[in-house]
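# Descriptive structure summary
Residues per chain are reported as follows:
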Amino acid sequence: NDFFKYDPSADIWIPVTSYLGEKRMSAIAFVADGNAYVGTGIYNGVYQKDFYQYNPTTGLWKAMQNLENGYDLKRYGAAAFAINGKGYISTGTYTSAVKNTWEFTPPAASDVNGIGVWNQKGDFEGVARTSAVGLSIGNRGYVLTGKNGNSRYGDMWELKPYDSQVIQ
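It should be emphasised that the depicted structure is a prediction, and the values quoted were computed from it without experimental measurement.

Low-pLDDT stretches of the model should not have their predicted coordinates read in fine detail. In this model, the protein carries an average pLDDT of 88, and 93% of its residues clear a pLDDT of 70 or more. The lowest-confidence element of the protein is strand E20 (residues 165-167), averaging 43 in pLDDT; the highest-confidence one is strand E18 (residues 151-152), averaging 96. Ignoring residues within four places in sequence, the model shows residues 164-168, a span with pLDDT below 50, making 20 contacts including any to other chains.

Written as structure tokens, this is what we have:
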């Protein structure tokens, strides 16, 4: 449940106030629109459904919308990344490996509720998996590697959110 930020000019890690939720493993994290977001994961066998925003300017955490309020986002071991100011979560495990992919639009300054919006995108088209890696390069997002049971994967998939498809 510890958080740190890196100061490259001093080459040191600085403790950051922790969020209010439970500690967890295999959570997701991404940075979109200048803020960091953390959620999902598992703790003592319980799937975590909370989602938090960290504002690096204020140093404050904010609880966002619960991930089971109308969404199918509870999981651990998911791949996450951000492109074009939006966050993405795909794959992972919720009782079994899942393939659904979700896009998070951060809240606008004028958003009264300030919790953002999740929209389901096309399912991941590869084999369902957990422990995959999510990354972005420019305006392209990728899901690569991962495992399902005894199978290990070395493939890489690109998400094309404008097409609402995940393609290889």
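Okay, the sheet that holds strand E14 (residues 117-121) next. In any sheet, the strands associate via hydrogen bonds between backbone groups, in a parallel or an antiparallel arrangement. Pairing is antiparallel in the open sheet, where 4 strands are placed in the order E9-E10-E13-E14. Bordering the open sheet on either side are strand E9 (79-83) and E14, each of which pairs with just one other strand. Between one strand axis and the next, the sheet turns through 25° on average, direction left out of account.

Regular strands show a simple pattern: their side chains alternate between the two faces of the sheet. In strand E3 (residues 28-32), alternate side chains face the same way, and those of Ile28, Phe30 and Ala32 are buried while those of Ala29 and Val31 on the opposite face are not. Where E3 meets strand E4 (residues 35-39), 5 bridges bridge the pair, whose relative direction is antiparallel. Bridging across to E4, Ala29 finds its partner in Val38. Where E3 hands over to E4, the hairpin turn is made up of 2 residues, of which Asp33 adopts a positive phi near 55°.

What follows deals with the environment of Phe3. Topologically, Phe3 is positioned in strand E1 (residues 3-7). Accessibility expressed as a relative area gives 22% for Phe3, which makes it partly exposed. C-alpha separation for the pair Phe3 and Thr93, spaced 90 residues apart in sequence, amounts to 24 Å. Beyond its immediate chain neighbours, meaning those up to four positions away, Phe3 contacts Ile14, Pro15, Val16, Ser18, Tyr19, Val38 and Trp61.

Mapped onto the fold, Asn35 is located in strand E4. On the basis of relative accessibility, which here comes to 14%, the residue Asn35 falls in the buried class.

A side chain with one charge may pair with a side chain of the opposite charge, provided their charged atoms come close. On inspection of all chains with the given rule, the structure shows 4 salt bridges. Residue Arg24 is joined to Asp50 by a salt bridge in which the shortest nitrogen-to-oxygen separation is 2.8 Å. Highlighted residues: Arg24 in the loop between strand E2 (12-16) and E3 and Asp50 in the loop between strand E6 (46-47) and strand E7 (51-55), separated in sequence by 26 residues. Taken as a pair, Arg24 and Asp50 share a single burial class, namely buried. One salt bridge connects Arg129 with Asp155, and the closest N-O pair in it is separated by 2.5 Å. Note that Arg129 is positioned in the loop between E14 and strand E15 (133-137) and Asp155 in the loop between E18 and strand E19 (156-160), a separation of 26 residues in sequence. Just as Arg129 is buried, Asp155 falls in that class too.

Moving on, we get to the nonpolar core. By size, the foremost hydrophobic cluster in this structure holds 16 residues, and its most contacted members are Phe30, Phe51 and Trp118. If you list the elements that add at least two residues to this core, you get E3, E9 and strand E13 (101-105). Of the residues forming this core, the biggest block, 3 residues, is contributed by E3.

What counts and how
Residues numbered from 1 in each chain as written. Predicted model: local features only at pLDDT ≥ 70, side-chain atom pairs only at ≥ 80, totals over all residues. Heavy atoms only, no water. pLDDT = per-residue confidence, 0-100. Helix = DSSP H or I, 4+ residues; strand = E, 2+ residues; numbered from the N terminus. Contact = heavy atoms within 4.5 Å. Pairing = 2+ DSSP bridges. Axes fitted to C-alpha atoms, helices over the stretch in contact; angles between N-to-C directions. Buried < 20%, exposed > 50% of the residue type's maximum accessible area, 1.4 Å probe, protein only. Salt bridge = Lys/Arg side-chain N within 4 Å of Asp/Glu carboxyl O. Core = buried A, V, L, I, M, F, W, Y, C linked by side-chain atoms within 4.5 Å.

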